[in-house]
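Listed here are the chains, written in short residue letters.
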Amino acid sequence: MGKVVVVTSGKGGVGKTTSTAALGAVLAQSGKKVVLIDFDVGLRNLDLVMGAERRVVFDLVNVTQGQAKLSQALIRDKRVESLFLLPASQTRDKDALTEEGVASVINTLREKFDYVLCDSPAGIERGAQLAMRFADEAVIVTNPEVSSVRDSDRIIGLLDSKTLKAEQGETVTKHVLVTRYDAGRAARGEMLSIADVLEILSVPLLGIIPENQGVLRASNVGSPVTLDEPTNAAARAYADAARRLQGDDVPMVTPVEKKGLLNRLLGRRVA
Amino acid sequence: MKLLDFFKRGGSAPVARERLQVLLAYERNNRNQPDLVAVLREEIIAVIAKHVQINQDDVKITMDRGATTSTLEIDIHIPNAGIKASAAI
Ligand SMILES: Nc1ncnc2c1ncn2[C@@H]1O[C@H](COP(=O)(O)OP(=O)(O)O)[C@@H](O)[C@H]1O
Ligand SMILES: [Mg+2]
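Here the structure is a predicted model, which is why all the values come from computation and not from measurement.

How each quantity is defined
- Residues numbered from 1 in each chain as written.
- Chains lettered and ligands numbered in written order.
- Predicted model: local features only at pLDDT ≥ 70, side-chain atom pairs only at ≥ 80, totals over all residues.
- Heavy atoms only, no water.
- UniProt positions renumbered as here; feature names shortened; annotations may be inferred.
- 1 Å grid on protein atoms, 1.4 Å probe; cavity = no way out; pocket = protein on both sides within 12 Å on 5 of 7 lines; lining within 4 Å.
- Helix = DSSP H or I, 4+ residues; strand = E, 2+ residues; numbered from the N terminus.
- Contact = heavy atoms within 4.5 Å.
- Axes fitted to C-alpha atoms, helices over the stretch in contact; angles between N-to-C directions.
- Parallel < 35°, antiparallel > 145°, perpendicular 65-115°, else oblique.
- Left-handed = near helix turned anticlockwise from the far one by under 90°.
- Near = heavy atom within 4 Å.
- Polar contact = N/O pair within 3.5 Å; in protein donor to acceptor, adjacent residues only side chain to side chain.
- Sits in = over half its atoms within 2 Å of the grid points.
- Nonpolar A, V, L, I, M, F, W, Y, C, P; charged D, E, K, R; others polar.
- Points joined across faces, edges and corners; volume = space filled by probe spheres on them.
- Pairing = 2+ DSSP bridges.

Colleague: What am I meant to see in the UniProt feature "binding site: ATP" (unreviewed entry) in chain A here?
Modeller: All names here are of chain A. If you check UniProt for "binding site: ATP" (unreviewed entry), the listed places come out as K11, G12, G13, V14, G15, K16, T17 and T18 in our numbering. Considering only the residues just annotated, the largest pocket is lined by G12, G13, V14, G15, K16, T17 and T18. Looking at where K11 falls in the secondary structure, it is placed in the loop between β1 (3–8) and α1 (16–29). Once you skip the residues sitting within four places of it in the chain, K11 turns out to touch K16, A122, E145, S147, S148 and D151. Note that T17 resides in helix α1. Aside from chain neighbours lying at most four places away, what touches T17 is N45, L46, V49 and D119.

In structure tokens form, the structure reads like this:
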């Protein structure tokens, strides 16, 4: 039985889709069978980040409404054999997804895959709640910034009350993934520290992904950053996070600022 | 900005942290309850409207939430002409 993991945040633009693609790709590379489901109905994007936008024929809504078979809608990644994508629909009807439909798709997928990663839409409404509904675990993507942390806190509240697990008296295992971390700004006290975020949310840390140009480059060419530039700092941080998600004990490295020559000559930058 | 503030301005992160802690302590307690300020506002207006004709716009309610206590400030502008006869009781 595979694990169902929701990648969620409340706030938009924090890095959910980027993280779903990056984590999914390394998990698959390490030999796991992985399927990524885009739950962002109406705002499908995971297909673009994965470079599969031209191969979408059917989507999640088609499958739940019986217009296509699950096997017809799954897109196999061209780089990693055990990686699949189930795209979101571009319909504007937000109610196109039903709970029963999602339940049946997820139950089928968890039989066949080791990991079912659900890329949540932003917000705390129906779409986000459906994405987390059947999750065993949650990756809460948070930027070290007040509005993102507040929204993560609300999402934690929903994970503890609106999921099937919660209703059955169990708990969804929660992990915080801090993304877009800027070591320089954190060192200057301009950005919440990792310790601040963890203390406020009191959820264990899955990883710290630095702000990195490579992420944008990777999305430009339609590749998860972990496949496109596996050696860059964000990709390595995602690889470590993926190992922790599988239960490995990987030491946490807080990114440090790489000072340019000019900065070094000038010493510490003035506020 | 005061000169002292300038030197103290090592970073705004500690302020962010404190604001979040106060806010989230409140939000976690009130997640499943209706907004207290909204409820008070409606009920207070209803009580006053029994005696005085007022516009919704003439009632200003502000809230300042602190870590341990909060203040609710209610500012009502009653037009002199609006006082109903019954209010004389
Ligand atoms: N670590 C990072 N460094 C730089 N840019 C990032 C990073 N993570 C995400 N981004 C950028 O932030 C934007 C939003 O990311 P996305 O994954 O689409 O967020 P979400 O799915 O939460 O809305 C994208 O343009 C993405 O390239
Ligand atoms: Mg997204």
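Colleague: What am I meant to see in the packing of helix α7 (residues 146–159) of chain A against helix α10 (residues 194–201) of chain A here?
Modeller: If you want to describe how two helices pack, look at the angle between their axes and the distance between the axes. Residues and elements named next belong to chain A. Two elements in contact, α7 and α10, have axes separated by 10 Å at closest approach and are oriented at 30°. As summarised for this structure, α7 and α10 are arranged roughly parallel, according to the angle between their axes. Here α7 runs over α10; the crossing is right-handed. Mapping the contact onto sequence places V149, S152, D153 and I156 in α7 and V197, I200 and L201 in α10.

Colleague: How should I be thinking about the site of ligand 1 in this particular structure?
Modeller: All names here are of chain A. Taken together, 13 residues sit near ligand 1, with G13, K16, T17, T18 and N212 positioned nearest. Here an oxygen atom of ligand 1 sits 2.8 Å away from a polar atom, N or O, in the main chain of G13. The separation between an oxygen atom of ligand 1 and a polar main-chain atom of T17 is 2.9 Å. Its atoms largely coinciding with the cavity grid, ligand 1 occupies the largest pocket. It is α1 that provides the largest number of residues to the shell around ligand 1, a total of three residues. Partitioned by chemical class, the residues of the shell around ligand 1 number four nonpolar, six polar and three charged.

Colleague: Hey, could you run me through the layout of surface pockets in this one?
Modeller: In this approach a probe as big as a water molecule rolls over the atoms, and the regions it shows empty are the leftover space. Residues and elements named next belong to chain A. Considering only enclosed or pocket space, the largest pocket measures out at about 620 Å³ in volume. Around the largest pocket, the lining is made up of 30 residues, and of these G13, G15, T18, R180 and V215 lie nearest the centre. Contributing elements (two or more residues each) for the lining of the largest pocket: α1, β7 (173–181), β8 (205–210) and α11 (213–221). For the lining of the largest pocket, the leading source of residues is α11, giving five residues. Those elements giving two or more residues to the lining of the second largest pocket turn out to be β8 and α13 (233–245). Considering each element in turn, the lining of the second largest pocket owes the most residues, five residues, to α13.

Colleague: Looking at this structure, I do not really get the sheet that holds strand β2 (residues 34–38) of chain A. What am I missing?
Modeller: Hydrogen bonds between backbone atoms are what pair the strands of a sheet, whose relative direction is either parallel or antiparallel. Residue and element names in this part refer to chain A. As summarised here, the arrangement of the eight strands in space is β3-β4-β2-β5-β1-β6-β7-β8, forming an open sheet in which the pairing is mixed. Only two strands of the sheet have a single partner each, and these edge strands are β3 (75–76) and β8. Relative to strand β6 (residues 137–142), β1 is paired through four bridges, and the arrangement is parallel. By the bridge assignment for β6, V7 is matched with V139.

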